[in-house]
Amino acid sequence: MAERTPLLNYRLYTAPEPRSSRNEGQQPPPKKLSTFFGVVIPTLLSMFSVVLFLRIGFVVGQAGLYQSILMFVVAYFIISMTVLSVCAISTNGALDAGGAYYMISRALGPEFGGSIGIMFFFANICGSALYVLGLVESIVDIFGMPPTGQTTDSIRVLPQSYWYELLYGTVILILCLLVCLVGADIYAKASFIIFLIVILVLCTIFVSFFVVSPKSINITLSLGNISEASFTGFKLSTLKSNLPSDYIEDYTTGKMMSFAAVFAVMFNGCTGIMAGSNMSGDLKNPSYSIPRGTITAVIFTYIIYNILSLMISCTCERLLLQKDYDFLKDINVWHPFVLIGIYSSTLSASMSNLIGASRILYALARTIILINLGKLLMPAKKTSRGGNPWAAVLISWVLVQLVLFTGKLNTIAGIVTVFFLLVYAAVDLACLALEWASAPNFRPTFRYFTWHTCVLGIIGCGIMMFLISPIYASCSIAFMLIMLLVLHYVSPSSSWGYITQALIFHQVRKYLLMLDVRKDHVKFWRPQILLMVANPRTSTQLISFTNDLKKSGLYVLGHVQKGNLDEMPSDPLQAQYDSWLSLVDALNVKSFVSLTLSDSVRHGVQHLLFISGLGGMRPNTLILGFYDDCVPENGLQQIPAFSYNSSSIMNEQDCSLQPNFPPARDASSPKALSGKEYVAIISDSIKMLKNVCLARYFCQLNKTELFSRKNYEVSIDVWPLNPLRPDSANYVDTCSLFLLQMACILNMVRSWRSAKLRIFLCVETGNSVGEQDKKLKQLLRQLRIKGSIKTLHWDSVAALHWHKQMDQVDGSEGSFANTFPSNAMKISDDYLMAVNKMISEQGAHAAIRFLYLPRPPADITLHERYLEQLDIMTRNLGPTLLIHGISAVTSTDL
């Protein structure tokens, strides 16, 4: 290899990702390669490479035998952790073509796999060009004419210039292209021939230590001085002198060496462990071959490196090792043997990177990761009858040829190596994620790994990345994160499965078990809401509003479909789940979906209240739409994702959403439940200790328009007095405090912070108005609720109530045991309309009104009258929330 090439010329090999053996409409070709040809040979060639011939002496000369052995132990420990992960994943089911990309994408999902796949692709492209240029430089150093054109050496016949070197590189690359176009089978045969050559050269090196007599070798020192260094043969004194380290300046780069710098160079001879797994598409039995072949190759190379280091330490002076990296050629029984080994291994590495890049590109195009680049990647999917992706090979060849125009690739050698290390770390991460997820289907037949080995592999690869180059490591990680974010937004959904879902499930289950309901405290109370939705087409505004009201609590969209499962062939709700989940995504709400089939809506709501949630995460608040005669409006068309005019509906998935939601009910269609059943649902919920909210006129709520107006101040109005029991006059009962809490929660949401919170205090002349106002202000101060108090004299309204209700029973509505008195149903419509008018006049710019919801009467014959009263009281008030709270939700303690 050329001595003018800087030292840190990293080994950038990865074995090819073989052809995907499927072509549309064709029978997949049979897999032919055995463990030895498909795994052992590619991995050995990958791990030996040119480092074996050019840098092993450098490592021993700088670090000494002791530290050299330590470096090999540490390096092989790091890669062994990754090997264990590769073996585990490769034995956990069938492997298709794609190698590391296939493993990572199928384990970690398309975003992570796609970003790593793209990095892997460019690393192979640059790696192939790097080895071609390295081979050209080595050939030119031996056979090239000097710049003066005068030479006495008959073998120096090749002209030297930028364009000539580009021509030599192009010829070599065309040779690699021809091999790759034929297919992986001919590549495997070529690799076997190269393997035999490398083993033969290695054997001559070992033989030379024994048969070559001691000799002196001329070396060139700095400033052009000539000196002599000795090959001593096996001597104890030579071994003792080579045991300790002696770090000096590298004569090719002029940089002072250190343990870290030498270790970084040496580590490149230990990588390439993915070679066997990348041949998965052409192996007869990948699950059998990959573990055995990879481990065999790793052990063999470890032994060879250590034996070679020991023999060099026993036979070569340190000066020779530090000043002549071509010394193996000088001491060989036949000098050209080492050159043949260098040329063969470099050519093999270049072919491997080229065919590997084509396989990655083909895998990316086939899985259509880059949906926005689908048309550009379509040609890469074309294959021959034998399954060879010739189009991907040609595209990769063109890219490598473009990189060759740069002339020198030493500046990017480090980052390409870092890319490969990042891929190895990603494989460890994939195995770690599968292990931590505890998925029952993760049952690899290779069991000699734990999550500890995965973590050690990730840490080891990360350390090596930053040891080689902190800048390159940081850039590669940043590039991977950028690609991950891009693919997250542009890649389509896949059917591979997402490991994140398994990990989230594992952690959520664990923490749900730790969420003990017996440790609940009012200080940490939050609304956990079950919103009953009759038809999503008419409830979009309410769904979005409830999402604001949940305050990071549980939010469940519930729906009851009437029917009897005994009379149906299958559950009709299963086909609707995707549409509901798409609705959740389109509205951007953080909600679960719970659907049930029942003989009545009332029983269905009971089912959902009983079974929704898990452990300490169960609904404590039920929200229902109001029961009235208003014709519901279809608000679904206002959502871009569900609009017929939206471009997002052009794909098949979105088109399927529209029919799965029934059309909005018209005026002539019957309702799904009666008024009595509706009130019974409210009563059932209160009996089950659930807070109840009735939402009316939320189809009129438009937050964008509401907060865009600057000519008036938007308010949230709270009326904590029970309008049907004004005699109770209690603003500190459980229900009133619940009203205040819910209004405060809404006001804390970012989009509602600009709204002003107003609490209305209704008083009668003659009562201690100032005292009531003072007590309410003190209550708000203790509860840390920022709001203004509006005092209203409502004597004229209250007089209508007393005039009609002289015989009303006394009692406190604040007591939970107290039921709504039956004679309260005799309240006149005049009083209710007066209350409605008073509320309407005080809130001309109210965005939301929170009203006290009285408890329904125990007498079911009065349910319709109860519903009629609520209708009169809230008619035409705009978005209104009637609330009956039974939970203690406020705390004045720290």
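Residues numbered from 1 in each chain as written. Predicted model: local features only at pLDDT ≥ 70, side-chain atom pairs only at ≥ 80, totals over all residues. Heavy atoms only, no water.

> Honestly, the overall build of the protein in this entry has me stumped. Any pointers?
Of the regular secondary structure elements, the protein holds 31 helices and twelve strands. Relative to its 894 residues, the protein shows a buried fraction of 56%. Contacts spanning at least 24 positions in sequence make up 82% of the contacts within the protein whose residues lie at least 6 apart. As displayed, the protein has an accessible area near 38800 Å², and 61% of this comes from carbon and sulfur atoms. (Helix = DSSP H or I, 4+ residues; strand = E, 2+ residues; numbered from the N terminus. Buried < 20%, exposed > 50% of the residue type's maximum accessible area, 1.4 Å probe, protein only. Contact = heavy atoms within 4.5 Å. Areas by Shrake-Rupley, 256 points an atom, 1.4 Å probe, with all protein chains shown as cover.)

> For this particular structure, what's the right way to read the nonpolar core?
Considering soluble globular proteins, one finds that nonpolar side chains tend to be buried as a cluster. Of all hydrophobic cores here, the largest spans 151 residues; its most connected members are Phe-209 and Ile-312. Tallying contributions element by element places helix H3 (residues 56–90) first for this core, with 18 residues. Not counting chain neighbours up to four residues away, the residues in contact with Phe-209 comprise Phe-231, Phe-234, Leu-308, Met-311, Ile-312, Thr-315, Leu-328 and Ile-331. By size, the runner-up hydrophobic cluster in this structure holds 63 residues, among which are Tyr-555, Ile-639, Ile-759 and Leu-881. (Core = buried A, V, L, I, M, F, W, Y, C linked by side-chain atoms within 4.5 Å.)

> Would you mind showing me how to read the packing of H3 against helix H10 (residues 286–315) here?
Helix-helix packing is described using two parameters, namely the angle between the two axes and the distance between the axes. The geometry of H3 relative to H10 is characterised by a closest axis approach of 10 Å and an angle of 175 degrees between their N-to-C directions. Classified by the angle their axes make, H3 and H10 are roughly antiparallel. (Axes fitted to C-alpha atoms, helices over the stretch in contact; angles between N-to-C directions. Parallel < 35°, antiparallel > 145°, perpendicular 65-115°, else oblique.)

> What is the right way to read helix H5 (residues 110–143) from this model?
Since the α-helix turns once every 3.6 residues, residues separated by three or four places project in the same direction. The end-to-end C-alpha distance of H5 is 48 Å, a good match for the 50 Å that 34 residues give at a rise of 1.5 Å each. Of all 34 residues in H5, 30 are buried; the element is thus mostly enclosed. (Expected span 1.5 Å × (residues − 1).)

> Where do I start with the environment of Ile-172 in this structure?
One can find Ile-172 in helix H6 (residues 162–182). A residue is classified by how much of its surface remains accessible, and Ile-172, at 12% relative accessible area, is buried. Distance in space between the C-alpha atoms of Ile-172 and Leu-135 is 8.7 Å, their sequence separation being 37 residues.

> Would you mind showing me how to read the sheet that holds strand E11 (residues 846–852) here?
Hydrogen bonds between backbone atoms are what pair the strands of a sheet, whose relative direction is either parallel or antiparallel. With mixed pairing, ten strands are arranged side by side in an open sheet as E5-E4-E3-E6-E7-E12-E11-E8-E9-E10. This sheet does not close on itself; its edge strands, each paired only once, are strand E5 (592–598) and strand E10 (788–793). For this sheet, the mean angle separating the axes of adjacent strands, direction not counted, is 25 degrees. Where strand E4 (residues 555–562) meets E5, seven bridges bridge the pair, whose relative direction is parallel. Counterpart to Gln-561 in the pairing with E5 is Leu-597. Contacts from helix H21 (residues 577–587) reach E4 and E5 within the one sheet, and its direction differs from that of E5 by about 145 degrees. (Pairing = 2+ DSSP bridges.)

> When you look at the layout of surface pockets in this model, what are you seeing that I'm missing?
A probe matching the size of a water molecule, rolled over the atoms, marks out where space remains unfilled. Roughly 1500 Å³ of internal volume is contained in the largest pocket. Among the secondary structure elements, those contributing two or more residues to the lining of the largest pocket are helix H20 (540–549), E4, helix H22 (601–611), strand E6 (621–625), helix H25 (675–687) and strand E7 (691–696). The leading source of residues in the lining of the largest pocket is E4, at four residues. Of the residues belonging to the lining of the largest pocket, the class tally is 29 nonpolar, 15 polar and six charged. (1 Å grid on protein atoms, 1.4 Å probe; cavity = no way out; pocket = protein on both sides within 12 Å on 5 of 7 lines; lining within 4 Å. Points joined across faces, edges and corners; volume = space filled by probe spheres on them. Nonpolar A, V, L, I, M, F, W, Y, C, P; charged D, E, K, R; others polar.)

> Which parts of the structure should I look at to understand a positive patch on the surface?
Taken together, the side chains of Arg-526, Lys-551, Arg-750 and Arg-753 present a region of like positive charge at the surface. With respect to the element layout, Arg-526 can be found in the loop between helix H19 (499–514) and strand E3 (529–532). What makes Arg-526 partly exposed here is its relative accessible area of 37%. (Patch = residues over 30% accessible without salt bridge, like charges linked within 9 Å, V, L, I, M, F, W, Y side chains within 5 Å. Salt bridge = Lys/Arg side-chain N within 4 Å of Asp/Glu carboxyl O. Lys, Arg positive; Asp, Glu negative; His and termini not counted. Charge placed at Lys NZ, Arg CZ, Asp CG, Glu CD.)

> What is the right way to read empty space enclosed by the protein from this model?
Considering all chains together, one arrives at nine cavities of 30 Å³ or more under this definition. Of the pockets and cavities examined, the second largest cavity occupies roughly 100 Å³. The wall of the second largest cavity is formed by Trp-719, Leu-721, Pro-723, Cys-762, Trp-794, Val-835, Met-838, Ile-839, Leu-851, Tyr-852 and Met-873. For the lining of the second largest cavity, the elements supplying multiple residues, two or more each, are helix H30 (829–842) and E11. Sorting elements by how many residues they give to the lining of the second largest cavity places H30 first, with three residues. Looking at the lining of the second largest cavity, its residues break down into eleven nonpolar, no polar and no charged.

> Can you walk me through a nonpolar patch on the surface in this structure?
On the surface, Val-207, Phe-210, Val-211, Phe-234, Val-333, Trp-334 and Ile-340 cluster together to form a nonpolar patch covering roughly 670 Å² of accessible area. A total of three residues in the nonpolar patch trace back to one element, the largest contributor, which is helix H7 (residues 184–211). Mapped onto the secondary structure, Val-333 falls in the loop between helix H12 (327–331) and helix H13 (336–367). A relative accessible area of 46% means that Val-333 is categorised as partly exposed.

> So what exactly am I meant to see when it comes to the confidence of the model for the protein here?
A low pLDDT means the predicted coordinates there should not be read in detail. Averaged over every residue, the pLDDT of the protein is 80; the share at 70 or more is 83%. Overall, residues 645–657 carries pLDDT values under 50, and its contacts beyond four positions in sequence, including any with other chains, amount to 16 contacts. Within the model, pLDDT remains below 50 along residues 806–823, and this stretch shows 36 contacts once partners closer than five positions in the same chain are excluded. (pLDDT = per-residue confidence, 0-100.)

> Looking at this structure, I do not really get the pairing of E11. What am I missing?
Consecutive residues of a regular strand have side chains that alternate between opposite faces of the sheet. The buried fraction of E11 is high, at seven of seven residues. Across four bridges, E11 lies against strand E12 (residues 880–884) in parallel orientation. Along E12, the bridge assignment pairs Leu-851 with Leu-882. One crossover worth recording links E11 to the parallel E12 by way of helix H31 (residues 863–874), and it is right-handed. (Right-handed = clockwise from strand over helix to strand, strands pointing away.)

> Explanation requested: H6 in the structure shown.
Helix length check: H6, at 21 residues, gives a terminal C-alpha distance of 31 Å against a target of 30 Å (1.5 Å per residue), a fit within 8%. All of the buried residues along H6 are Glu-165, Leu-166, Tyr-168, Gly-169, Thr-170, Ile-172, Leu-173, Cys-176, Leu-177, Val-179 and Cys-180. Downstream of H6 by a residue or two, Gly-183 has a phi angle that is positive, lying close to 135 degrees.

> Help me out: how do you make sense of the packing of aromatic side chains in this one?
Aromatic ring pairs are defined here through the distance separating the ring centres and the angle between the ring planes. Tallied over the full model, the rule gives 22 aromatic pairs. Residues Phe-37 and Phe-192 carry aromatic rings whose centres are separated by 5.0 Å and whose planes lie at 55 degrees to one another, so their mutual orientation is tilted. Placement of Phe-37 in helix H1 (residues 35–48) and of Phe-192 in helix H7 is noted, with a sequence separation of 155 residues between them. Between Tyr-627 and Tyr-678, the aromatic rings sit 5.4 Å apart at their centres with planes inclined by 35 degrees, giving tilted as the arrangement. You can see Tyr-627 sitting in the loop between E6 and helix H23 (652–655) and its partner Tyr-678 sitting in helix H25, a full 51 residues away along the chain. (Phe/Tyr/Trp six-rings, centres within 6.5 Å; stacked < 30°, edge-to-face > 60°.)

> Explain the side chain of Thr-35 here, please?
As for its placement among the helices and strands, Thr-35 is situated in helix H1. Within the structure, Thr-35 has its side chain in polar contact with the side chain of Ser-289 (distance 2.8 Å). Discounting chain neighbours no more than four positions away, the residues touching Thr-35 are Val-40, Tyr-288, Ser-289 and Gly-293. (Polar contact = N/O pair within 3.5 Å; in protein donor to acceptor, adjacent residues only side chain to side chain.)

> Sorry, what's going on with the pattern of salt bridges here?
Side chains bearing opposite charge may pair, as long as their charged atoms lie close to each other. The final tally for this structure, using the stated rule, is nine salt bridges. Its salt-bridge partner being Asp-628, residue Arg-696 comes within 3.2 Å of it at the nearest N-O pair. Here Asp-628 lies in the loop between E6 and H23 and Arg-696 lies in strand E7, a separation of 68 residues in the sequence. Asp-628 carries the same exposure label as Arg-696, and that label is buried. Between Asp-629 and Lys-671 there is a salt bridge, with the nearest N and O atoms lying 3.3 Å from each other. Note that Asp-629 is positioned in the loop between E6 and H23 and Lys-671 in the loop between helix H24 (657–660) and H25, a separation of 42 residues in sequence. Judged by its relative accessible area of 72%, Asp-629 is exposed. Through salt bridges that share partners, Asp-628, Arg-696, Asp-871 and Arg-875 make up one connected network.

> Is there a simple way to explain the pairing of E6 in this structure?
A large share of E6 lies buried, amounting to four of its five residues. Pairing between E3 and E6: three bridges, direction parallel. Bridged to Leu-531 within E6 is Ile-623. Pairing between E6 and E7: five bridges, direction parallel. Along E7, the bridge assignment pairs Leu-624 with Leu-694.

> Teacher, can you tell me more about the environment of Pro-857 here?
Inspection of the secondary structure assignment puts Pro-857 in the loop between E11 and H31. Overall, Pro-857 belongs to the buried group, its relative accessible area being 3%.

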